[in-house]
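Examination of the molecular architecture
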Amino acid sequence: MEPLDSSINIETRRMELRGVIRLAGEVIAQYWPMRTFVHHNPLHSLEYLPFEETVRRGKQFMGGNGYLPSHLYRDYLKAGRIQSSHLDAALKPLVHDKHLAIGSRTVTHGDVLRACLEEGLCTPVMEPLDDQLPDPANELIDRIAARLEPVLTFPDLRERIRTIAEGDQAALGRWLTLSHWCDDTLGTQIVQQINDQLIKWCEAYLDEGHATWAMPGREKGLYGAWKALAVHEWSPCGIADSSKKISRLPEHPEDALLESLNALGIPAELRQDYLSLQLTALPGWAGFIKWRAEERDYPWQQAYPVGLVKFLAIRLWYVRELVQQACREKLGIEGRFDAVTAYIQNHSEEYYLRRQRVAGRLPALYAEEVDRLAHQKGDGWKPLLARYRAEVVPRQEAAARRGAAKKLLALARSLGIDEAQLIDGAPADLKQIVEWIEAFPESDHGPVWLTAFEAGYHDRLLGQLRARTNDAKHPAPTRPHSQSVYCIDVRSEPFRRHLESVRQHETYGFAGFFAAFIRYRAWGNEHDTEQFPVIMRAKNEVREVPRSFLDHALLKHESRTRMVHAGHTLLHDLKENVITPYVMVESLGWFYSLPIFGKTLLPLLYRRWTDWLRRLFVPSLATTLTVDKLAPAETADVLAAEQQATVRHALQERTGVRSSRITPELVEALRQRALSGEDDPEPPLTQAATEAGLSSEVLTSFIAALRQHHGINQRASSRQKERITRTGFTLEEQVLTVDTALRMMGLTERFARLVLFCAHGSTSENNPYESALDCGACGGNEGKPNARVLAMMANNPRVRERLIKTGIEIPSDTHFLAGQMNTTTDEIQLFDPEDVPPTHREDLSLLQQDLNKAAALTSLERCGRFPDAPQASEETKAEAHVRRRSIDWSQVRPEWGLSGNTAFIIGRRELTKGLDLEGRVFLHSYDYREDPSNRLLEVLLTAPQVVAQWINMEHYFSAVDNEVYGSGSKIYHNVVGRIGIMSGPWSDLRLGLARQTVMNGDAPYHEPMRLLTVVEAPRERIEKLIARHDVLQHFYHNAWVHLVALDPEDGVWYRYLPSGAWSPMDHLASKEHIHT
Amino acid sequence: MMDGTLASWLLAGVPLLGAAFSFVVWSRPDYLRNCSVVLSILSLAAAAGMSGSLATSPENLLLIYLLPIAACASLLGQPVHKNLRLSWIMTLLFLGLGFVILTSQHVVGQVCLLVLLSSLIALLYRHHTKLWPISWFGIGAYALAVGCVTISLVAAPPLSSVTSLLACAILLPLVPFHSGYITALTRLPGSLPSFIVLLLPAIGIHSLATTVLTVPDVAMSTMTVLALVSALYGSIKALAQSRIRLLLAYGSLSFFSLFWWFVAISRTITPQSVVFLAALSLVTSGLLMSWQVVRTRYGDDVDPQAISGLVRRMPHFAVLFSLLALAAMGLPPFGVFTGFIGMLLTTALTSSVALFVMMIVWLAASWYILDMVQRLLFGRERSDLRYEDLRRSELASLLVVLLIVIALGIAPSSLFGITQQPSNAETVKESVSWNR
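On a predicted model such as this, the values are computed, not experimentally measured, just so you know.

1. Notes on the interface of chain B and chain A
- At the interface, 22 residues of chain B touch 19 residues of chain A.
- The residue inventory of the side of chain B that touches chain A, partitioned by class, reads eight nonpolar, six polar and eight charged.

In structure tokens:
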């Protein structure tokens, strides 16, 4: 029984470890591949904690700031973006009822805190030991410092050393890894070395077709592939005998990780935090691995499996080896947790000096002496510390007193106190003020600033909405010229506003996937796109197919497309080959000058010319979508056609038979034979094969290959059939989809003659973040297919018949159109014009005119927000400018995207119609009267609101700390592995948004504040939903999202407090409730 | 026409008298600093005015012009602080002594050199600290220089030549006599390091010009080997330094050693080598002034590791510092590049070992200098540092140095009064064949 017990024990430990890693991975967010960029909260996994606490964790593990630097908030205050009254209100909970007198002036605790915020008194400053910069105030500062000398005392050096040693012992394993500790104490670069190694391996392993030469052995998994290759490396990071050590590692990554944790002596209770710290050292790569590990159906994951366990097993091996090496060589101790803590305790003086030296806090001569002692392993630490205490500590204390004096002087200036009165002030009072300042460190300022900042915006927006509600009771009674539905995206708001201003058009907001959860394959593409929010799953597949009357054009289109594709492939292969580039540069390099000069000097003309050329060579095809389910016979036909195409392709590839000799009969006979499972070819097949020049042996082996490698067998057929049957929607599904969509947006009556479902997409050049500008509700893709699907469904007469039974009667003269807005150029493209009835041509023409007008007005408005745009006063200039931005390959900011988003309004358009919301608000149409069961509101709060909150938080964190939570400047971005971007040639996968997306120079363009959700619905209904969903409780109770409701029953605005109570806003002054 | 000796003393009189009278404003550091700057400008004007009367070679004339400029720039770059007053007065004193040494007759110049070396010893002793015991070697090196100069005054050739050569190797640093130079650059306060980094090599080259013709061949062969060793040693030591002043001291040592090598194999001092030495000294001086800018803000003995991210908040400083660093790396169009290429073209380069050493020196310089720039200017901006860009006087001081270094690189040598004709015809012949 012993071996069995042992294996159970091992398996239990592995499972336990996997559990620990799952929890440890909470601090890192998933990283979606960039081709379908998904906005998300980088601290999403910690949303079960209050916002402030999560921000602290983010600082602890990732080193990221959760609030803007104070000086930017101060700029907002000076510019009036933050109101003084809001700042006072936000500060109020922190103010104590204390005061003292400086001269004739009474200074309260509140005055000091306010001055701390306004003047930046609490900014930590490294006071130089010898301040040589001339300053007229130096004499005064010296006198104040002299006043402080008797009262402002500092702890003894021994006490300070003890405190530091105890603090570091406590931090070790929780906030500080052993590798970090070595770097901070011994001046090593272990973390950097390990990161470099992990970047190298992850970059090679996780590549998705970007690399010309793929990493070998990836099918073994990350750990296996690393083990197989790293064993051949010569002393990576200077690790001695690395080959032997790697080859001796266990086969299972869990075992290797446990071995490393044991070797490092990490106590069991610290392992989760310790592993979190290891993951957050490279949050980008770790986040991508986390995402991939959870996507079991992802083809790359199926082919080359990866997970955090494997990642950590590799990382911890490097940690253990390098820490051991550094500790032995430099300190003569084991590189283990217990040995390191013992060293800190027993050699605290040496430890202190080493830490100070690495941090650059020692005077240069002392730093050299520490280096000498460290190098010689001498025992002169105590004398050196004694000298330090005698020579440096008094200077440090004097510098600290001067620092305190400077703060007092700044405070006096801020409060308008005569500076000379500070000299006369009682030293105890001066000390008290210094203590008040020090008790309010800058790290505590962020929440105060943010609360005040948000309060200002809330007051403004809610003020606008409250003013509007008085007129918003009844919609216009006449039939509108058109109705159009746009994505809730903030970029739709200006367009809708302008369209409504042009003529009597009604607009609605709805999540851009239009309730169509589809997996979509465009015509000519080999891969599907997932056209729905990433938090959902698709049931149906839709394909784009050419319209049936285009058979002749289809053949021409296909052959030309194949030629273009072959040309591209040839060019790519020539570029990537080892030899050919040497010749290619000389021979073909010149031709590249045309696009270079064209794109650079005449981008608009060049684009027009290339488009024309493309259309000339490969004419576009009119297409439609497979919205309806296939009949069984059609399914069989599609399956047979797909299999025949596979057989034809395989025949050419494997046997080299020319296509002219491949007859349809031969293909069908081969397909049937492969499906039948019989080995011996029948006489008709043999005869056809002989005519094609295939021997019987070749035929037999080819049939076997068809079964094994090309999936022409019964089992694969049934899978294919099942997939094909997922194509399209049943009539019931179509009715449900249209009914849900129309009810959610509140469009159930007064249909116009034309109803436009308008998706959105974007165009930009040389922009890895292109998909971030597309529709988030469509999984980072363009929403065109979804709009077309919904329009086709709604135009289906059988669907309309069924809808009448559900209470929605669509007039027979109502036609649904699909379109797409290009958010970079503001142009609207309409699809499927063939389906528009002739009776609606005039309406369509008029609508198109108005859409163009609205687009021009939107461009004009947007041009005012670009810092580098000419302040165009004419619409044509504005249109030309935005078009140029979209094709400029040097443009780092083709559009502002979703930057500036602040609020999400769920309610009727009447609430917001005519208001200039500056393109900052997500607008979702919702009429509570159409939702007696509360089902629709539930969907809105748990799906679109979640997406909006992810977008909001992505922008928030990218703006407050772009280096940690964002991806830094676009200038240095390089695409890696077709999955993400790195800064420069070697870095972590960069998270979040680029600096140019959220910042305008040094100031944020996106004003970072938490999402404000405004719902027009009875409070009881909202309360029930909050009680039912954890995600809503996390949002509102943990202050991730602010919730305000307009209760239609009493017409009063209420704010939902984190405590779970409602606070009527008409009865409370904003000052009183903004900080609740 | 004014007598050369009289002109020499008149020229030296401006800074020397100024130094003496500056004690009058001792209690007003701002006045003292400004007076010192004005006096150095007057010295430059005097040098320009009396250049025709001075009994000195054309090469020396360039150095005579540069000395007051370096003094002026060094003084301008200083913060007004009472602790630095002595360094300003000593700068004027050294400037006056430098004028005398470069322009006077043999004995007078040597006596002044003894005074200068003695002053240096006194200053180094005053600023000695137990934490920097190596400074004893520096004091010892200058004491040795005093001995050598004294012997060269009283002894006959070849002893006087050899001791004079040794003194030159201390002034124009060469391993193993470099400790004085390293210590002076590291330990001297205020404006002195950035001034003497030009003054001492200038005096060294002045002495070497006469000594090199009389030194025995065996001594010069030894110097050739020492120069190559010294160049390598300086580069390696510079690579290992974390302190800026040490890095600059060792880095310049390696380049001065290249100069030594050229002199040792050609046994002559060409105008191009003077340009090289002058440019190198000035660039090092400029980099020391740049470091002084940092020290002014963050403390005299700040550890460079504590400073990073200056580029965004101190853009003027960053630009000038970067340009000086490029100049120090020997990139065109700065004087170091021009001087070095000039030396190459006027010297028969027959040793592949020497070529290899030069390459190492150049590559190492590009490594440690860029690393220094990267550490100070880039990296994460620290929130606890007060960043303040260059003040006007600091900007002027760095700008003056940079412009002079560019001028040395692009202006014709004749502009500085240097003849283009090399003094050794054979060298030209050989250089032509080498160039083929």
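From this point, the narrative continues.
2. Side note on the confidence of the model for chain B
All names here are of chain B.
- Of the residues in chain B, 94% reach a pLDDT of 70 or more, and the chain-wide mean stands at 89.
- Ranking the elements of chain B by mean pLDDT puts helix H18 (residues 425–435) last, at 37, and helix H14 (residues 315–328) first, at 96.
- Here residues 420–436 is modelled with pLDDT under 50, and outside its nearest four sequence neighbours on either side it reaches 24 contacts, counting other chains as well.
- Both confidence scores are given for the complex: pTM 0.85, ipTM 0.82.

3. A word on the nonpolar core
- Counting 421 residues, the largest nonpolar core has Leu790(A) and Ala279(B) as its most contacted members.
- Here this core gets 16 residues from one element, more than from any other, and that element is helix H11 (residues 244–266) of chain B.
- Ignoring anything within four residues of it in the chain, the contact list for Ala279(B) reads Phe334(B), Gly335(B), Val336(B), Gly339(B), Val405(B), Leu408(B) and Gly409(B).
- Ranked by size, the runner-up nonpolar core spans 15 residues in total, among them Ala688(A), Ala689(A), Leu694(A) and Ile712(A).

4. Here we look at the pairing of strand S10 (residues 815–822) of chain A
Residue and element names in this part refer to chain A.
- Among the eight residues in S10, eight count as buried, and that is most of the element.
- Of the two faces of S10, both are covered, the one formed by His-815, Leu-817, Gly-819 and Met-821 as well as the one formed by Phe-816, Ala-818, Gln-820 and Asn-822.
- Where strand S9 (residues 754–761) meets S10, eight bridges bridge the pair, whose relative direction is parallel. Paired with Gly-761 across the strands is Asn-822, a residue of S10.
- As judged from the four bridges shared by S10 and strand S11 (residues 828–831), these two strands associate in the antiparallel manner. The residue of S11 that forms the bridge with Gly-819 is Leu-830.
- Taken together, S10 and the strand that follows it, S11, pair antiparallel across an intervening segment of five residues, in which Asp-826 is found at a positive phi of about 70 degrees.

5. Focus: the pairing of strand S7 (residues 540–546) of chain A
Residue and element names in this part refer to chain A.
- Pairing between strand S5 (residues 518–521) and S7: four bridges, direction parallel. Counterpart to Arg-519 in the pairing with S7 is Glu-541.
- Bridge count for S7 against strand S8 (residues 623–625) is three bridges, and the pairing is antiparallel. Across the sheet, the residue bridging to Val-545 is Thr-624, located in S8.

6. Quick notes on the environment of Ile170(B)
Residues and elements named next belong to chain B.
- Within the secondary structure, Ile-170 is located in helix H7 (residues 159–171).
- The sequence separation of Ile-170 and Ile-196 amounts to 26 residues, and the corresponding C-alpha distance is 13 Å.
- Leaving out residues up to four positions away in the same chain, Ile-170 has contacts with Ala-141, Tyr-142, Leu-144, Ala-145, Phe-177 and Gly-180.

7. Topic: the sheet that holds S9(A)
Residues and elements named next belong to chain A.
- Reading across from one edge, S4-S3-S9-S10-S11 is the order of the five strands in this open sheet, with mixed pairing throughout. Lying at the two open borders of the sheet, with one neighbouring strand each, are strand S4 (505–510) and S11. Going across the sheet, the axis of each strand differs from the next one's by a mean of 25 degrees, ignoring polarity.
- Direction of pairing for strand S3 (residues 482–487) relative to S9: parallel, over a ladder of five bridges.

8. Things to note about helix H7 (residues 157–171) of chain A
- Here H7(A) contains 15 residues, and its C-alpha end-to-end distance of 21 Å stays within 8% of the 21 Å for a straight helix at 1.5 Å per residue.
- Trailing H7(A) by a residue or two, Gly173(A) shows a phi angle of about 90 degrees, which is positive.

9. Focus on unusual backbone geometry
- Omega for the peptide link from Val175(B) to Pro176(B) comes to 5 degrees, which places this bond in the cis form.
- Pro333(B) follows Pro332(B) through a cis peptide bond whose omega is 10 degrees.
- Relative to the assigned elements, Pro333(B) resides in the loop between H14 and helix H15 (335–345).
- Positive phi, close to 50 degrees, is recorded for Asp241(A), a residue that is not glycine.
- We classify Asp241(A) as exposed; it has 10 C-beta atoms within 10 Å.

Basis of the calculations
Residues numbered from 1 in each chain as written. Chains lettered and ligands numbered in written order. Predicted model: local features only at pLDDT ≥ 70, side-chain atom pairs only at ≥ 80, totals over all residues. Contact = placed C-beta atoms within 7 Å. Nonpolar A, V, L, I, M, F, W, Y, C, P; charged D, E, K, R; others polar. pLDDT = per-residue confidence, 0-100. Helix = DSSP H or I, 4+ residues; strand = E, 2+ residues; numbered from the N terminus. Core = buried A, V, L, I, M, F, W, Y, C linked by C-beta atoms within 7 Å. Buried ≥ 20, exposed ≤ 12 C-beta atoms within 10 Å, placed from the backbone. Pairing = 2+ DSSP bridges. Axes fitted to C-alpha atoms, helices over the stretch in contact; angles between N-to-C directions. Expected span 1.5 Å × (residues − 1).

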